[in-house]
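Architecture at a glance
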2 protein chains.
Amino acid sequence: MELLKQRILTEGMVVEGNILRVDSFINHQVDVLFMKQLAQAFRDHFAECQVTKILTIEASGIPIATLTALEFGVPLVFAKKTESRNLDENVYQASVVSYTRQRPYQIKVAQKFLSSKDRILIIDDFLAMGSAVTGLCRIVEEAGATLCGVGIVIEKGFQPGGNKLREAGIDVYSLAVVDELKEGLIKLR
Amino acid sequence: MELLKQRILTEGMVVEGNILRVDSFINHQVDVLFMKQLAQAFRDHFAECQVTKILTIEASGIPIATLTALEFGVPLVFAKKTESRNLDENVYQASVVSYTRQRPYQIKVAQKFLSSKDRILIIDDFLAMGSAVTGLCRIVEEAGATLCGVGIVIEKGFQPGGNKLREAGIDVYSLAVVDELKEGLIKLR
């Protein structure tokens, strides 16, 4: 998506550890009017899939997932990362390793919000090693729901997550793919 | 707001520790079309305030804050709870105690996203002791920005957070106020 690519090149910063920082419009400050256009791109791509629910993981995936759910007119479910007294006892769960945090954690979804009749579209802001999305896929599978595909704002094409998912037959639709982050430079596909 | 009250009475559950669980439409599964109506109520109430940014805290405040930002046509900024390598070094921060988690944590906002020219509307899903919102207010003050007010989906009227903020002269607008949670029953104002 051209508009997104321009914005990544203009506002994105490469920080220590080859992390792409896009905190001015995606994952700290959020340009919601811009993100709405990205949500429309997801809706266009997955229009024929009869999506019944959008699934994401807290926290930075929630803005784009909320706007995508609004475009489809379906509920959003976000997997929880943290222990809370305010979560149902019956959960689906999976273990995830965060690239930016570098430690494993459990993600959980209350079983009552996913059923075998659901057709799920997973949405997230970033895809790198694919651990979070793979965890969400496992939860969809455990629930017996149908996975329609995965919509990603920015995929790091030099990390294996996207291709591993595609090789498993999943429709992974990334709005921008970063091919290289090097010495402060961002190379987009 | 009548529609919200009905929904809390129909779907809300009181669980151990006097916690109101509304995870079927607000903070785990999210009914985004319904939440859009709540966002419109915030826009109507704060319409004359010349809001420039919506401020919330991750994670469960993000859906309603995203939709409210969309209604106002302004950016959303969400304060971060967790340590991450992907956060700017120059941050405003405040200490917060969570009612459902019962331990203190730091919330952080990159300084570059709040300026003295900003007119901030704080949005959150719940207000009980008011620790999170008070932390956000402190960050707004530290940035020298103007606080337009606070929009809350559900206020626990039997806990002191809302009134403490009102006594400090802040316009706190809650769409529903719970006056009592007792033996599984929810009493709304």
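Structure's up top.
Residues numbered from 1 in each chain as written. Chains lettered and ligands numbered in written order. Predicted model: local features only at pLDDT ≥ 70, side-chain atom pairs only at ≥ 80, totals over all residues. Heavy atoms only, no water.

As a further point, take helix H3 (residues 62-72) of chain A. All names here are of chain A. Burial analysis of H3 places eleven of its eleven residues in the buried class, which makes it a mostly covered element. Listed as buried for H3 are Ile62, Pro63, Ile64, Ala65, Thr66, Leu67, Thr68, Ala69, Leu70, Glu71 and Phe72. Once H3 finishes, Gly73 follows within two positions and takes phi at roughly 70 degrees, a positive value. (Buried < 20%, exposed > 50% of the residue type's maximum accessible area, 1.4 Å probe, protein only. Helix = DSSP H or I, 4+ residues; strand = E, 2+ residues; numbered from the N terminus.)

Before going further, it helps to spend a moment on the relation of the copies chain A and chain B. Expressed as a screw transformation, the operator carrying chain A onto chain B has a rotation angle of 180 degrees and an axial translation of 0.0 Å, and the superposed copies differ by an RMSD of 0.0 Å. Both chain copies can therefore be described as sitting about a two-fold axis. Across chain A, the smallest distance between a C-alpha and the rotation axis is recorded for A:Ala59, namely 2.6 Å. Comparing contact sets, 100% of the residues at the interface of chain A also lie at the interface in chain B, consistent with an isologous, same-surface contact. (Least-squares fit on C-alpha atoms with pLDDT ≥ 70 in both. Contact = heavy atoms within 4.5 Å.)

What follows is about the packing of aromatic side chains. Using the criterion set out here, one finds six aromatic pairs over all chains in the structure. With 6.2 Å between their ring centres and 80 degrees between their planes, A:Phe42 and A:Tyr173 make a pair best called edge-to-face. Here the residue A:Phe42 occupies a position in helix H2 (residues 32-45), and A:Tyr173 occupies one in strand S10 (residues 172-182), the gap between them amounting to 131 residues. Residue A:Tyr173 is classed as partly exposed on the basis of its relative accessible area of 25%. A network of ring pairs unites the aromatic residues A:Phe42, A:Phe46 and A:Tyr173 as a single cluster. The ring of B:Phe34 carries B:Arg7 above its face, with NZ or CZ at 4.8 Å from the centroid. (Phe/Tyr/Trp six-rings, centres within 6.5 Å; stacked < 30°, edge-to-face > 60°. Lys NZ or Arg CZ within 6 Å of the ring centre and 35° of its normal.)

Moving on: the sheet that holds strand S3 (residues 29-30) of chain B. With respect to topology, seven strands assemble into an open sheet ordered S11(A)-S10(A)-S9(A)-S8(A)-S4(A)-S5(A)-S3(B), the strand pairing being mixed. What marks the edges here is a single partner per strand, and that holds for strand S11 (185-188) of chain A together with S3 of chain B. Sheet analysis places strand S8 (residues 119-127) of chain A next to strand S9 (residues 146-156) of chain A, joined by eight bridges and oriented parallel. The residue of S9(A) that forms the bridge with A:Ile120 is A:Leu147. Strands in contact with H2(A) are S8, S9 and S10 of chain A; relative to S10(A), the strand with the most contacts, it is inclined by about 125 degrees. (Pairing = 2+ DSSP bridges. Axes fitted to C-alpha atoms, helices over the stretch in contact; angles between N-to-C directions.)

Moving on to the interface of chain A and chain B. At the interface, 48 residues of chain A touch 49 residues of chain B. Summed over both sides, the interface of chain A with chain B buries roughly 4100 Å², with 56% coming from carbon and sulfur. Of all residues in chain A, A:His28, A:Arg85 and A:Asn86 bury the most surface against chain B, accounting for 20% of the area lost on that side. Scanning the region where chain A abuts chain B turns up six salt bridges. Taking the shortest distance from any N to any O, the salt bridge between B:Asp23 and A:Lys112 comes out at 3.5 Å. Every element with two or more residues in the side of chain A that touches chain B is listed here: strand S2 (19-21), strand S3 (29-30), H2, H3, strand S5 (76-79) and strand S7 (104-110) of chain A. For the side of chain A that touches chain B, the leading source of residues is H3(A), giving six residues. Considering only residue class, the side of chain A that touches chain B consists of 21 nonpolar, 13 polar and 14 charged. (Buried area = accessible area lost by both parts, 1.4 Å probe. Salt bridge = Lys/Arg side-chain N within 4 Å of Asp/Glu carboxyl O. Nonpolar A, V, L, I, M, F, W, Y, C, P; charged D, E, K, R; others polar.)

Mapped onto the fold, A:Ala69 is located in helix H3. For the pair A:Ala69 and A:Asn163, spaced 94 residues apart in sequence, the C-alpha separation works out to 25 Å. Dropping the residues within four chain positions of it, A:Ala69 is found in contact with A:Ile54, A:Val74, A:Pro75, A:Leu76 and B:Val32.

We now examine the environment of A:Glu142. Residues and elements named next belong to chain A. Looking at the element boundaries, Glu142 is found in helix H4 (residues 131-142). Sequence-wise, Glu142 and Gln102 are 40 residues apart; in three dimensions their C-alpha atoms are separated by 26 Å. Ignoring sequence-local partners within four residues, the contact set of Glu142 consists of Tyr92 and Gln93.

We now examine the side chain of A:Asn27. Checked against the element boundaries, A:Asn27 lands in the loop between S2 and S3. In contact with A:Asn27, not counting residues within four places along its chain, are A:Val22, A:Ser60, A:Asp125, A:Phe126, B:Phe78, B:Lys80 and B:Asn86.

With an omega of 5 degrees, the peptide bond running from A:Glu58 to A:Ala59 counts as cis. Phi is positive for A:Glu183, which is not a glycine, with a value near 50 degrees. Take A:Glu183: it is sitting in the loop between S10 and S11. Phi angles above zero are rare outside glycine, and B:Gln50 is one such case at about 50 degrees. Within the element layout of this structure, B:Gln50 appears in the loop between helix H2 (32-45) and strand S4 (53-57). Residue classification places B:Gln50 among the exposed positions, given a relative accessible area of 60%.

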